[in-house]
Amino acid sequence: MFAGASPSDYTVPAEVKAAGFEICGDELGSIVEGHDVKKLKLHGGVNGIAEKLSTSTTSGLSTDNDLLNRRQEIYGINKFAESELRSFWIFVWEALHDMTLMILGMCAFVSLAVGIATEGWPKGAHDGLGIVASILLVVFVTATSDYRQSLQFRDLDKEKKKITIQVTRNGFRQKLSIYDLLPGDIVHLAIGDQVPADGLFISGFSVLIDESSLTGESEPVMASSENPYMLSGTKIQDGSCKMLVTTVGMRTQWGKLMATLSEGGDDETPLQVKLNGVATIIGKIGLAFAVVTFAVLVQGLFSRKCREESHWIWNGDEALELLEYFAVAVTIVVVAVPEGLPLAVTLSLAFAMKKMMNDKALVRHLAACETMGSATTICSDKTGTLTTNHMTVVKSCICMNIKELGQSDKASGFCSDIPAPSVKLLLQSIFNNTGGEVVTSKDGKLEILGTPTESALLEFALSLGGDFQEERQSVKLIKVEPFNSTKKRMGVVVELPEGGLRAHTKGASEIVLAACDKVINSKGEVVDLDEASLNHLKVTIDQFASEALRTLCLAYMDLQNGFSPDNPIPISGYTCIAIVGIKDPVRPGVKESVAVCRSAGITVRMVTGDNINTAKAIARECGILTDDGIAIEGPDFREKKQDELLGLIPKIQVMARSSPLDKHTLVKHLRTTFGEVVAVTGDGTNDAPALHEADIGLAMGIAGTEVAKESADVIILDDNFSTIVTVAKWGRSVYINIQKFVQFQLTVNVVALIVNFSSACLTGSAPLTAVQLLWVNMIMDTLGALALATEPPKDELMKRSPVGRKGNFISNVMWRNILGQSLYQFTVIWYLQAKGKEMFDLEGEDSDLVLNTLIFNAFVFCQAFNEISSREMEQINVFKGILDNFVFVAVLGSTVIFQIIIVEFLGTFANTTPLTSKQWFLSVLIGFVGMPIAAILKIIPV
């Protein structure tokens, strides 16, 4: 159908009709995306669309596979077209575009041309081919590393997109992957859910939709029967509803938007930005060294020719010599520019992300690993994070009588001394004023759906002999105000079967009780809530709370003067029905994890919407609340002045009855005072997205609700608080590993630069050739990054204070190790250069080549042993756990093997010559001596 056609012109395509449907995907898309009221009306409204899609708004789609497949063929699947995976050769092509490698490539080309012209093939091609081989090795290793990393990020991206949603099919509520949704599906959405496809509102209450991701408008849109259009990618900000799916995948507005955007990776992390600055400074220093070295070498050549009075006569060898000087200068820049720094960060973070996945923590953003390493405070929700989120009602106060509910209690026993009308009123309150539902599963059993709190109440009502469906069918819902973190309560208005309207409310005990002026007494009579009764109920709330029970108060009021659905539900004048105490057990291992955090300098603080006594009891059980800590309620916290907060916040360990805004304020103050703060959300009603938008550093979600997942930087997949400690350990490991690598790399940088520079200045030649320096660069950058950036974390990391992101990245300890090791290596190499011929009785025309090979070999083994020493910056024992790191052993082994091949077999390309066993022994010994020197350096205090 053409976009300009009027609704009356619509004709059902033949293939759609043949499949048993009366409307095509394009028509559905134009109705929802265009908010086309006329077309919707023409097709019979939402029910008409449902009929044309061969579905039911009550029982949903049939689960017959043939019918589902036919529907999928006509309307498509709910997946977005992904950008094609870039091939390995694309990464090779990108690596070849490195400016310094391109300059070296030009040098190689000129070297080949001049060499072949003067010395013929193949002798004249050796130098040029050596540089080409080195460039190709660098390119392929870099490309392989980048390609593997892209594959890894793609796998992680797939993992973090796994989202399930509740749908009705064949009359049964069930969980379904969003990818399996089809037009005609009936989806159930609640606060925090992302709308998984384009669709139409069927029924619901107080539904506000945040469409900012699509439109950029911050003002939420109300979804209702009058405005039923719901778009994929938007979020339910308030309320709950049923939605008819009309359009999926690339036909949705979100899908079309995704098609216009190229999917990019993560932005650079703060540490990468910091290290890029370091790399720039080092690169500039290297460039200065390179220019001076080249000038000195060229000046030496001209001086020699002037002495020989041949400065106007140039032969091929001299041209090649000049070209070699330029290649050496360019290679000094290659060695000096530490392109391995960003690579090391990315490798280390990617490695940590993969390993954390094995430890049941899904990291959605690279920077989250760094943040965890710097965390000084963890602000954690209680429900679903510190506790199991498997709730049961264990105590209640009904008709002013406190009763315990045991596992073996039957309805008859529990209700024996409670008047029947009061029980009926309680059941009416629970079954109607709920965001949950009781459904019959495929095997005929009752299944409770909803949040853990709602499920606990529904289970309690069922245990009292209540019938959910019968109760819901006996009344008519007039208005629903869903629960949210700000109001701390929810309410409904129902029309009773005998006529009349009644409001039910439930929520935080103190808030709902404050809205009551009457109570049901032990005889089932409604009486005024006098001071004695009020005190009794307050004592009951405190008693339940002190036993670590979450308390809820249920109340009702008859609306004698009628009620308009456009008005808010009354907030006072209620009659208290009951107070219930809900047990939410503390997760196993939480207390131990909190203790580990404390020893690591990380303070765990609990933020909850619960009563302060409940919060304090659970915080003590978890080891969070100490004798010198403070527990405060949100409203009190809000009233504090700025100067009061500065002294109070460091001592706050528990915040009860908090709103998301309180949590933001606390987290921001803590971040200003102490550094990085990790906010952990478990049940994730409104807190997770709000925290994410508040720029608090790191939001972490226990894998409970989809909103917690969607808004979190790190998702704890096994619902275990101790996994957070593991993530913190990995975060610290990333930071330390990169410091180790920087220490190793700067040592090589300093020695290589000073050796070639000083040699050029004093002798007029460079002992390390371009090919040799490229190999050193390979060891230093890519291989070094692989070896040191992938060290697994050690438990000792959690016995130190957090690493500060604002402090100097290169610490005094690192400078001590760098300068000490550089001094040793430079002294040895310079001594070999000055006295090496005498030491080894080197004579003849090959003596310079042998000596330079010896220097090159000793230099490489210095780096190999220094790589081992760099595994620990302060500990003397550097061999602990070395065999557990397969990557490190493989890199070190391959470095030694390749060095042997270069020296013994690739002499014509690498300007080396085979060494005697004595010379090999001394080369290795020189490298090995660097290890005890490194150990001695670690004893020196800084």
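Residues numbered from 1 in each chain as written. Predicted model: local features only at pLDDT ≥ 70, side-chain atom pairs only at ≥ 80, totals over all residues. Heavy atoms only, no water.

Moving on to the overall build of the protein. Each helix and strand counted, the protein has 34 helices and 26 strands in total. Expressed as a percentage of its 942 residues, the buried residues of the protein come to 54%. Pairs at least 24 residues apart make up 73% of the contacts formed inside the protein by residues separated by at least 6 positions. When the accessible surface of the protein is totalled, it reaches about 40700 Å², and 57% of it is carbon and sulfur. (Helix = DSSP H or I, 4+ residues; strand = E, 2+ residues; numbered from the N terminus. Buried < 20%, exposed > 50% of the residue type's maximum accessible area, 1.4 Å probe, protein only. Contact = heavy atoms within 4.5 Å. Areas by Shrake-Rupley, 256 points an atom, 1.4 Å probe, with all protein chains shown as cover.)

Structurally, Glu 867 can be placed in helix α31 (residues 847–869). Look at Glu 867: it is buried, it has no salt bridge, and the nearest opposite charge is Arg 871 at 9.4 Å. When sequence neighbours within four positions are dropped, the list of residues in contact with Glu 867 reads Phe 744, Leu 783, Gly 784, Ala 787, Leu 788, Phe 888, Val 891 and Leu 892. (Lys, Arg positive; Asp, Glu negative; His and termini not counted. Salt bridge = Lys/Arg side-chain N within 4 Å of Asp/Glu carboxyl O.)

All right, on to empty space enclosed by the protein then. The final tally for this structure, using the stated rule, is 3 cavities of 30 Å³ or more. Empty space within the second largest cavity amounts to approximately 40 Å³. Taken together, Gln 743, Asn 817, Gln 821, Asn 866, Ser 869, Glu 872, Ala 934 and Lys 938 make up the full set of residues lining the second largest cavity. Listing elements by their share of the lining of the second largest cavity, those giving two or more residues are α30 (812–839), α31 and α34 (917–939). Tallied by class, residues from the lining of the second largest cavity come to 1 nonpolar, 5 polar and 2 charged. (1 Å grid on protein atoms, 1.4 Å probe; cavity = no way out; pocket = protein on both sides within 12 Å on 5 of 7 lines; lining within 4 Å. Points joined across faces, edges and corners; volume = space filled by probe spheres on them. Nonpolar A, V, L, I, M, F, W, Y, C, P; charged D, E, K, R; others polar.)

For the rest of this paragraph, the subject is helix α29 (residues 770–788). An ideal rise of 1.5 Å per residue puts 27 Å on 19 residues; α29 measures up with 25 Å between its terminal C-alpha atoms. Of all the bends in α29, the greatest, near 30°, is centred on Thr 782. Burial within α29 is extensive, with 18 of its 19 residues counted as buried. (Expected span 1.5 Å × (residues − 1). Bend = angle between axes of the 7 residues up to and from the residue.)

Now for unusual backbone geometry. The phi dihedral of Ser 54 is positive, around 55°, even though this residue is not glycine. Mapped onto the elements of the fold, Ser 54 is located in the loop between α4 (45–52) and α5 (65–75). Phi angles above zero are rare outside glycine, and Asn 911 is one such case at about 55°. Mapped onto the elements of the fold, Asn 911 is located in the loop between α33 (907–910) and α34.

Okay, the nonpolar core next. One finds Ile 131, Trp 775, Leu 832, Phe 856, Phe 859, Ile 868 and Ile 926 to be the most contacted residues of the largest nonpolar core, which totals 74 residues. The contacts of Ile 868, once residues within four sequence positions are left out, are Val 878, Phe 879, Ile 882, Phe 888, Leu 892 and Met 931. One finds Val 278, Ala 368, Ile 618 and Val 813 within the second-largest nonpolar core, a separate group that totals 58 residues. (Core = buried A, V, L, I, M, F, W, Y, C linked by side-chain atoms within 4.5 Å.)

Counted by the stated rule, this structure contains 11 aromatic pairs. Residues Phe 91 and Tyr 147 carry aromatic rings whose centres are separated by 5.9 Å and whose planes lie at 65° to one another, so their mutual orientation is edge-to-face. Linking Phe 91 in helix α6 (residues 88–96) with Tyr 147 in helix α8 (residues 126–160), this pair joins segments that are 56 residues apart in sequence. Judged by its relative accessible area of 5%, Phe 91 is buried. Arranged with centres 5.5 Å apart and planes meeting at 90°, the rings of Phe 431 and Phe 468 form a pair that is edge-to-face. Of this pair, Phe 431 sits in helix α16 (residues 420–432) while Phe 468 sits in helix α18 (residues 468–474), placing them 37 residues apart in sequence. Here a set of aromatic residues connected by ring pairs shows up, and it is made of Phe 88, Trp 89, Phe 91, Phe 140 and Tyr 147. The ring centre of Phe 91 lies 4.5 Å from the NZ or CZ of Arg 86, which sits over that ring. Of note, Arg 871 hangs over the ring of Phe 888, and the distance from its end group to the ring centre comes to 5.6 Å. (Phe/Tyr/Trp six-rings, centres within 6.5 Å; stacked < 30°, edge-to-face > 60°. Lys NZ or Arg CZ within 6 Å of the ring centre and 35° of its normal.)

Our next topic: the pattern of salt bridges. Applying the stated criterion across every chain, the model contains 16 salt bridges. Between Lys 794 and Glu 791 there is a salt bridge, with its nearest N and O atoms 3.7 Å apart. The exposure class assigned to Glu 791 is buried, which follows from its relative accessible area of 0%. Members of the salt-bridge network, linked through shared partners, are Glu 791, Lys 794, Arg 871 and Glu 872.

What follows is about the packing of α31 against helix α32 (residues 886–905). Viewed as axis vectors pointing N to C, α31 and α32 meet at an angle of 175°, and their least axial separation amounts to 11 Å. In terms of their interaxial angle, α31 and α32 are classed as roughly antiparallel. Mapping the contact onto sequence places Thr 853, Phe 856, Asn 857, Val 860, Phe 861, Ala 864, Glu 867 and Ile 868 in α31 and Phe 888, Val 891, Leu 892, Val 896, Gln 899, Ile 902 and Val 903 in α32. Class assignment for the residues of the contact of α31 with α32 results in 11 nonpolar, 3 polar and 1 charged. (Axes fitted to C-alpha atoms, helices over the stretch in contact; angles between N-to-C directions. Parallel < 35°, antiparallel > 145°, perpendicular 65-115°, else oblique.)

Right, let's talk about the confidence of the model for the protein for a bit. As a general rule, the predicted coordinates of low-pLDDT regions are not to be interpreted in detail. On average, residues of the protein score 82 in pLDDT, and 86% of them reach the 70 mark or higher. The least confident element of the protein, judged by mean pLDDT, is helix α26 (residues 687–693) at 40; the most confident is strand β17 (residues 516–520) at 95. When the criterion is pLDDT under 50, residues 261–266 qualifies, and its contacts beyond four places in sequence or with other chains add up to 6 contacts. Confidence over residues 684–697 falls short of pLDDT 50; this stretch has 43 contacts with residues more than four positions distant or in other chains. (pLDDT = per-residue confidence, 0-100.)

With that settled, the discussion passes to the environment of Gln 166. On the secondary structure map, Gln 166 appears in strand β1 (residues 164–169). Filtering out sequence-adjacent residues up to four positions away, Gln 166 remains in contact with Arg 173, Gln 174, Lys 175, Ile 186, Val 187, His 188 and Leu 449. At 2.7 Å, the side chain of Gln 166 forms a polar contact with the side chain of Arg 173. (Polar contact = N/O pair within 3.5 Å; in protein donor to acceptor, adjacent residues only side chain to side chain.)

With 9 of 10 residues buried, strand β20 (residues 574–583) lies mostly within the body of the structure. When strand β10 (residues 392–398) meets β20, the two strands line up antiparallel, connected through 6 bridges. Each bridged residue has a counterpart across the sheet, and for Thr 392 the counterpart in β20 is Lys 583. Bridge count for β17 against β20 is 3 bridges, and the pairing is parallel. Each bridged residue has a counterpart across the sheet, and for Cys 516 the counterpart in β20 is Tyr 574. (Pairing = 2+ DSSP bridges.)

The terminal C-alpha atoms of helix α17 (residues 452–463), which comprises 12 residues, lie 16 Å apart, in line with the 16 Å expected from a rise of 1.5 Å per residue. Those residues of α17 that sit buried are Thr 453, Glu 454, Ser 455, Ala 456, Leu 457, Leu 458, Phe 460 and Ala 461. Positive backbone phi, at 95°, marks Gly 465, one or two positions downstream of α17.

Mapped onto the elements of the fold, Ala 787 is located in helix α29. Since its relative accessible area comes to 0%, Ala 787 is described here as buried. Ala 787 sits 81 residues away from Ile 868 along the chain, and the two C-alpha atoms are 9.5 Å apart. When neighbours within four sequence positions are excluded, Ala 787 is seen to be in contact with Glu 867, Asn 885, Phe 888 and Val 891.

Looking at where Thr 387 falls in the secondary structure, it is placed in the loop between β9 (375–381) and β10. According to the relative accessible area criterion, Thr 387 is buried, its value standing at 0%. Engagement of the side chain of Thr 387 in a polar contact is seen with the side chain of Asp 584, the distance being 2.5 Å. Setting aside anything within four residues of it in sequence, one finds Thr 387 in contact with Lys 382, Asp 584, Pro 585, Val 586, Arg 587 and Ile 618.

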